[in-house]
Amino acid sequence: MSRFDLTPPSAEQRAALEADLSADERRVLLQHGTEAPFCGVFLDNKREGVYCCRLCALPLFRSSAKFDSGTGWPSFFAPYDPDHITLIRDTSHGMVRVEEVCARCGSHLGHVFPDGPPPTHERHCLNSVALTFVGEGEALADPLQRGGAEAGAA
């Protein structure tokens, strides 16, 4: 069980969070889009810290789980907490894939594939625009003003 409050944002909170999104962020997070490969801001990020949901700031992946998959998108072999990710069968575009969305706000993050490195053999392939980054020792964002674990450091 997560130490973070996974209650979805209220309609008012969600509207305020969505109002702050760029057109690209809106297309990916809210309309299940995909950014072009090899152009995302976090593809080559080597800093230590935590990658969080761009919309609600829930921690999603640690930098220690990041690896270079060669696919053109930031890739991770394990989530920050499995409870922070919801997996959905995706049959769009004539393929069968597993979409992953933020468990708290439902924002589209990317897809997970069974071809990653040990120990999980998972490749969580994410869109950079779906993420924010909090460097190690920096305060996590708390846009929903939940306090508790959200008030901690990465």
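The preceding data block contains the structure.
In what follows, the accompanying structure is described. (Residues numbered from 1 in each chain as written. Predicted model: local features only at pLDDT ≥ 70, side-chain atom pairs only at ≥ 80, totals over all residues. Heavy atoms only, no water.)

Remarks on the pattern of salt bridges
In this structure the tally under the stated criterion is seven salt bridges. Put simply, Arg123 and Asp115 hold a salt bridge, and the shortest N to O gap is 2.8 Å. For Arg123, a relative accessible area of 11% gives the class buried. Owing to a relative accessible area of 49%, Asp115 belongs among the partly exposed residues under this scheme. (Salt bridge = Lys/Arg side-chain N within 4 Å of Asp/Glu carboxyl O. Buried < 20%, exposed > 50% of the residue type's maximum accessible area, 1.4 Å probe, protein only.)

With respect to the packing of aromatic side chains
A complete count under the given rule lists six aromatic pairs for this structure. Pairing Phe42 with Tyr51 gives two aromatic rings, centres 5.5 Å apart and planes at 85 degrees, and the pair type is edge-to-face. Across this residue pair, the class does not change: Phe42 and Tyr51 are buried. Geometrically, the ring pair formed by Tyr51 and Phe76 is edge-to-face, given 5.0 Å between the ring centres and 65 degrees between the ring planes. Here the residue Tyr51 occupies a position in strand β1 (residues 49–53), and Phe76 occupies one in strand β4 (residues 75–76), the gap between them amounting to 25 residues. For the pair formed by Tyr51 and Phe76, the shared burial category is buried. Through a chain of ring-to-ring contacts, three or more aromatic side chains come together here, namely Phe42, Tyr51, Phe61, Phe76 and Phe133. (Phe/Tyr/Trp six-rings, centres within 6.5 Å; stacked < 30°, edge-to-face > 60°. Helix = DSSP H or I, 4+ residues; strand = E, 2+ residues; numbered from the N terminus.)

Regarding unusual backbone geometry
Cis geometry marks the peptide bond from Pro118 to Pro119, where omega comes out at 10 degrees. Mapped onto the elements of the fold, Pro119 is located in the loop between β7 (108–113) and β8 (123–126). With a phi angle near 65 degrees, Phe38 is a residue other than glycine that sits in the positive phi range. Residue placement: Phe38 occurs in the loop between α2 (23–29) and β1.

Notes on the environment of Ala139
By the secondary structure assignment, Ala139 is in the segment after β9 (131–135). Given a relative accessible area of 59%, Ala139 falls into the exposed group. Apart from the residues lying within four places of it in its own chain, the contact partners of Ala139 are Val134, Gly152 and Ala153. (Contact = heavy atoms within 4.5 Å.)

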